[in-house]
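Commentary on secondary and tertiary structure
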Amino acid sequence: MSKKNFLFTSESVTEGHPDKVCDQISDAILDEFLTKSPQSRVAAETTVTTGMALVCGEITADCYVDIPQVVRNTIKNIGYHGEEGGGFDSKTCAVLTSIDEQSCDIAGGVNKALEARNDNSDTAGQETENIGAGDQGIMFGYACNETPELMPLPISLAHRLAYRLAQVRKQGIVNYLRPDGKSQVTVEYTGGKPSRIHTVLISTQHDPEINGVSDNQKVQEIIKDDVKKWVIDYVFENESIKPDSNTKILVNPSGRFVVGGPQGDAGLTGRKIIVDTYGGYSRHGGGAFSGKDPTKVDRSAAYAARHAAKNIVAAGLAEKCEIELAYAIGVAEPISVLVDTFGTGKISDDELTALVNKNFDLRPAAIINQFDLRGLPAKNGGKFYQLLAAYGHMGRSDINVPWEQLDKAAALKSQACASCSS
């Protein structure tokens, strides 16, 4: 962001949003396979619509997973069951599957990287050198000093609002809510820094009647009062920047939101990639995360890029940092690494790029090993990636996420200082 004064908006969605239902199903399937067989290769795609969930893709594993049962359990836990499901029910919806094995052509490049195939030395078989990228592509990681978790403020607030909206529903604090919902926050920036909250928008699915009240105008008044009290005021209670008298508060601006979820709109895995990352504040390579095992660099390299960017900002070497990585299928080493601090770096972007190359091993197997990406589901009771599939993969403080660790910040700061003094 080069402008000094501007408005910036980010959105999030609840776990009951149709696209997020699909992301969670795909990642629940991934969790189950990795828990039973950590070397599984998974590319699970899901679509949902009225009365139906379809899982397709490519999976190679030496274990059995009851995919339809995983699908139904995920849908039920989100809240789509019985009358509360608002037209979509985990028990009665059809579950269809169409699964093939991973292409042998892809597997050949992933199982043994080009570097290993061209290297006859004894080290060529080591795992950190032996795995090639699961596909070509570009990935971006980002961090900035706007929040404690080093994320842009608009997406951080949008996630917290969406999470709270689901929380009050599940805890029965606001008992007429249904699973589908969205949040959106517009932040006003002055001098390049967040200065005020311009607009807060919440759209939430709800029962047609509330405590015997059926008149829609009165229903919407009740919803607006409850959402402001239990969601918006709750989230902003401890924020240094709060809504003011001029902040626009919009709740269900369409006027009614009864039909929602998969009944109201078809869902698809990987259709909320901006929600999953930085809310549009940073660039995005275009690859989705959910349903993909860690050999797919769309996922693992995006986590690694976030880790590197966050440690640079935590080290005080920049106020904001974006890192681009590029890979070729079957090749372990990144094709390119680029650091951009948007003029906020304490040393040059070229020097920071050199520090990233020195301190971060960005080969796929090295990323998998460092973050234990195959072992995380088993270590977390069989559920890890599904937890990331709603409310963002980056900046999570409610889950022990390895790419959010600041384990490299001190070394980066020391090396940067040594470079400056020399």
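Calculation rules
- Residues numbered from 1 in each chain as written.
- Predicted model: local features only at pLDDT ≥ 70, side-chain atom pairs only at ≥ 80, totals over all residues.
- Heavy atoms only, no water.
- Helix = DSSP H or I, 4+ residues; strand = E, 2+ residues; numbered from the N terminus.
- Rg over C-alpha atoms; globule rule 2.2 N^0.38 Å.
- Contact = heavy atoms within 4.5 Å.
- Lys, Arg positive; Asp, Glu negative; His and termini not counted.
- Charge placed at Lys NZ, Arg CZ, Asp CG, Glu CD.
- Pairing = 2+ DSSP bridges.
- Right-handed = clockwise from strand over helix to strand, strands pointing away.
- 1 Å grid on protein atoms, 1.4 Å probe; cavity = no way out; pocket = protein on both sides within 12 Å on 5 of 7 lines; lining within 4 Å.
- Points joined across faces, edges and corners; volume = space filled by probe spheres on them.
- Nonpolar A, V, L, I, M, F, W, Y, C, P; charged D, E, K, R; others polar.
- Axes fitted to C-alpha atoms, helices over the stretch in contact; angles between N-to-C directions.
- Phe/Tyr/Trp six-rings, centres within 6.5 Å; stacked < 30°, edge-to-face > 60°.
- Lys NZ or Arg CZ within 6 Å of the ring centre and 35° of its normal.

On to the overall build of the chain. When helices and strands are tallied, the chain shows 15 helices and 11 strands. In terms of overall dimensions, the chain is globule-like: its C-alpha atoms have a radius of gyration of 22 Å, near the 22 Å expected for 422 residues. Its C-alpha atoms give the chain principal-axis dimensions of roughly 75 × 55 × 30 Å. Residue pairs in contact within the chain that sit at least 24 positions apart in sequence constitute 73% of those at least 6 positions apart. If the 43 positive side-chain charges of the chain are averaged to one point and the 54 negative ones to another, these points end up 5 Å apart.

Pairing of strand E7 (residues 193-206) with strand E8 (residues 243-251), which is carried by 5 bridges, proceeds in the parallel orientation. For Leu201, the partnering residue across the bridge sits in E8 and is Leu250. Regarding the hand of the β-α-β motif, the stretch spanning E7, helix H7 (residues 216-236) and E8 is right-handed.

Okay, the layout of surface pockets next. For the largest pocket, the calculated volume is near 480 Å³. What lines the largest pocket is a set of 20 residues, and nearest its centre among them are Ser156, His159, Arg160, Tyr163 and Ser397. Of all the secondary structure elements, the ones that give two or more residues to the lining of the largest pocket are helix H6 (153-170) and H7. For the lining of the largest pocket, the leading source of residues is H6, giving 7 residues.

Bringing empty space enclosed by the protein into the picture now. For the structure shown, the criterion picks out 2 cavities of 30 Å³ or more. If you add up the space inside the largest cavity, you get close to 80 Å³. Taken together, 13 residues form the lining of the largest cavity, with Met139, Phe140, His284, Gly285 and Ala302 sitting closest to its centre. Counting residues per element, the ones that place at least two in the lining of the largest cavity are strand E5 (137-144) and helix H10 (297-314). Per element, the largest residue contribution to the lining of the largest cavity is 3 residues, and it comes from E5. Taken together, the residues of the lining of the largest cavity break down into 6 nonpolar, 5 polar and 2 charged.

Read across the open sheet, the 3 strands follow the order E5-E10-E11; overall the sheet is antiparallel. Edge positions in the sheet fall to E5 and strand E11 (336-340), since each has one partner strand and no second. With direction set aside, neighbouring strand axes in the sheet form an average angle of 15°. Note that strand E10 (residues 320-327) and E11 share 5 bridges and pair antiparallel. Of the residues in E11, the one forming a bridge with Glu322 is Asp340.

Scanning the model with the defined rule gives 13 aromatic pairs in all. Here Tyr142 and Phe342 contribute two aromatic rings whose centre-to-centre distance is 6.5 Å and whose plane-to-plane angle is 65°, an arrangement assigned as edge-to-face. Highlighted residues: Tyr142 in strand E5 and Phe342 in the loop between E11 and helix H11 (349-359), separated in sequence by 200 residues. Through successive ring pairs, a cluster of aromatic residues spans Phe6, Phe8, Tyr142, Tyr189, Tyr278, Tyr281 and Phe342. Positioned above the aromatic ring of Phe360 is the side chain of Lys408, whose terminal nitrogen or guanidinium carbon lies 5.8 Å from the ring centre.

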